[in-house]
Amino acid sequence: MSAIGPGPGQWPSATDYVASVQDPAAVVAPQLAGAEVTRGVLGMPVSASGQSTVVFHFDSAEGPLAARCFTRAADDGHVRYRALRAHLTSNPQPDLVAADWVEAGILVGDRSFPLVVMPWVQGCPLNEAVHRRLDQPAALRALADEWLAMLDRLSDAKVAHGDLQHGNVLVDDAGCFRLVDLDGVWVPTIAHLPAAERGHPNFQHPARDLDTWGPELDTFAGLVIYLSLLALAADASLWRFHMGENLVLTPGGRAPPPPGGPLAALAAATLAPVGR
């Protein structure tokens, strides 16, 4: 049975969506026609919630799919996703997961809401992949090399992800990256729009704001991740600075970083030989 739904001007909660995806009549996105939401051991839909979305796993005849439902407005989402789809048609980018914006994809109560449908990507979040390789410095260096190559591919394709962070970067068994959550992506045809988000603060420059927008959007976060991988390859004890929502670093203020803090430790590790 479909959820009663949010009040006027409000967006559904994760609980609202959990109720709706259990009603096949409420899931109206054509990409999900005939698909069934995956359920856990207690019979409830399998889901994962973020700051502004809840993601469900669906099984379809074409393979597993992910449906991202929004708990708050995604400004110009339809324009951004359609621009990205058109851009990737002429500028293929294997590291991004293809996604479709469906304007009226799900019913919650008597109102329709958009969702994003994409293939379900096998892999683990970046922080989990790093943790599994802490005792394998060569594997961490290989991840760093592949990360740098991926950043080059994004630049060559004239695409910026906009929110490079552990939860949006999946790593498969072969050590290849797949980027998900494309709400903040930049491509040339939407350069006139404002930025959709500021990105995760543990990976972004402290001065980043909604005026930070353009092809170099991923430079700072990309380097944070690259240097963190190299540093952990040189000194796995840096993982002591990992707090769940970062790799090694966290946002700094205007005061100089403390001598024994993560930035000083990372600098010492990356300046040391990492080929050992």
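For the structure, see preceding data.
Residues numbered from 1 in each chain as written. Predicted model: local features only at pLDDT ≥ 70, side-chain atom pairs only at ≥ 80, totals over all residues. Heavy atoms only, no water.

Draft legend 1. Fine view of the overall build of the protein chain. Looking only at helices and strands, one finds six helices and nine strands in the protein chain. Taken over C-alpha atoms, the radius of gyration comes to 20 Å for the protein chain, in line with the 19 Å a tight globule of 276 residues would show. Reported as C-alpha extents along the three principal axes, the dimensions of the protein chain are approximately 60 × 45 × 40 Å. Expressed as a percentage of the 276 residues in the protein chain, the buried residues total 48%. Excluding contacts between residues fewer than 6 apart, the proportion of contacts in the protein chain whose partners are at least 24 apart in sequence is 61%. In the form shown here, the protein chain has an accessible surface area of approximately 13500 Å², with 58% of it arising from carbon and sulfur atoms. (Helix = DSSP H or I, 4+ residues; strand = E, 2+ residues; numbered from the N terminus. Rg over C-alpha atoms; globule rule 2.2 N^0.38 Å. Buried < 20%, exposed > 50% of the residue type's maximum accessible area, 1.4 Å probe, protein only. Contact = heavy atoms within 4.5 Å. Areas by Shrake-Rupley, 256 points an atom, 1.4 Å probe, with all protein chains shown as cover.)

Draft legend 2. Layout of the side chain of D218. Take D218: it is sitting in the loop between β9 (177-179) and α5 (219-234). Buried within the structure, D218 lacks any salt-bridge partner; R208 is the closest side chain of opposite charge, at an N-O distance of 6.0 Å. Polar side-chain contacts of D218 include one of 2.6 Å to the backbone nitrogen of H161. Beyond its immediate stretch of four places on either side in the chain, D218 contacts L154, A160, H161, G162, D163 and L164. (Lys, Arg positive; Asp, Glu negative; His and termini not counted. Salt bridge = Lys/Arg side-chain N within 4 Å of Asp/Glu carboxyl O. Polar contact = N/O pair within 3.5 Å; in protein donor to acceptor, adjacent residues only side chain to side chain.)

Draft legend 3. Examining the sheet that holds β9 more closely. Sheet architecture is open: three strands sit in the order β7-β8-β9, paired in antiparallel fashion. Taken across any chain shown, the strands that pair with only one partner, and hence form the sheet edges, are β7 (124-125) and β9. Judged from the three bridges that link them, strand β8 (residues 169-171) and β9 form a sheet pairing that is antiparallel. Paired with V169 across the bridge in β9 is L179. Relative to β9, helix α4 (residues 137-156) is tilted by about 45°, and along the sheet it contacts β8 and β9. (Pairing = 2+ DSSP bridges. Axes fitted to C-alpha atoms, helices over the stretch in contact; angles between N-to-C directions.)

Draft legend 4. Up close: helix α1 (residues 14-21). For α1, the full list of buried residues reads D16, Y17, V18, S20 and V21. Tucked inside the fold, the buried residues of α1 contact β1 (36-37), β3 (53-60), β4 (63-70), β5 (100-108) and β6 (111-119).

Draft legend 5. Molecular detail of a nonpolar patch on the surface. Taken together, the side chains of V41, L42 and M44 define a hydrophobic patch exposed on the protein surface, amounting to about 400 Å² of accessible area. Looking at where V41 falls in the secondary structure, it is placed in the loop between β1 and β2 (47-49). Judged by its relative accessible area of 86%, V41 is exposed. (Patch = residues over 30% accessible without salt bridge, like charges linked within 9 Å, V, L, I, M, F, W, Y side chains within 5 Å.)

Draft legend 6. Spotlight on the pattern of salt bridges. On inspection of all chains with the given rule, the structure shows six salt bridges. A salt bridge links E146 to R153, with the shortest nitrogen-to-oxygen separation between them at 2.7 Å. Exposure remark for E146: the relative accessible area of 21% places this residue in the partly exposed category. For R153, a relative accessible area of 28% puts it in the partly exposed group.

Draft legend 7. A look at the nonpolar core. Counting residues in each nonpolar core, the largest one holds 65 residues, and the members touching the most others are V130 and W147. When residues in this core are grouped by element, the largest group, ten residues, is from α5. When sequence neighbours within four positions are dropped, the list of residues in contact with V130 reads L140, L229, L232, W239 and L247. Judged by nonpolar contacts, the second largest core, of 20 residues, contains A29, V37, C69 and V108. (Core = buried A, V, L, I, M, F, W, Y, C linked by side-chain atoms within 4.5 Å.)

Draft legend 8. View of the environment of L227. Within the fold, L227 resides in helix α5. Among the residues examined, L227 registers a relative accessible area of 35% and is labelled partly exposed. When the C-alpha atoms of L227 and A144 are compared, they prove to be 8.0 Å apart, with 83 residues separating the residues in sequence.

Draft legend 9. The arrangement of the packing of α4 against α5 in detail. Close contact between α4 and α5 brings their axes to 8 Å; oriented N to C, the two are set at 165°. Classified by the interaxial angle, the pair formed by α4 and α5 is roughly antiparallel. The hand of the α4/α5 crossing is left-handed. Note on element contacts: α5 touches α4 through G222, I225, Y226, L229, L230, L232 and A233, opposite P137, L140, R141, L143, A144, W147, L148 and L151. Taken together, the residues of the contact of α4 with α5 break down into 13 nonpolar, one polar and one charged. (Parallel < 35°, antiparallel > 145°, perpendicular 65-115°, else oblique. Left-handed = near helix turned anticlockwise from the far one by under 90°. Nonpolar A, V, L, I, M, F, W, Y, C, P; charged D, E, K, R; others polar.)

Draft legend 10. Representation of helix α2 (residues 77-90) within the structure. For α2, with 14 residues, the first-to-last C-alpha span of 21 Å sits near the 20 Å given by 1.5 Å per residue. When we look at burial in α2, the residues that qualify are G77, R80, Y81, A83, L84, H87 and L88. The arc enclosing the buried residues of α2, seen along the axis, measures out at 160°, which places them on a common side. Residues of α2 that are exposed and point over 90 degrees away from its buried face: T89 and S90. The elements touched by buried residues of α2 are β4, β5 and β6. (Expected span 1.5 Å × (residues − 1). Arc of directions from axis to C-beta.)

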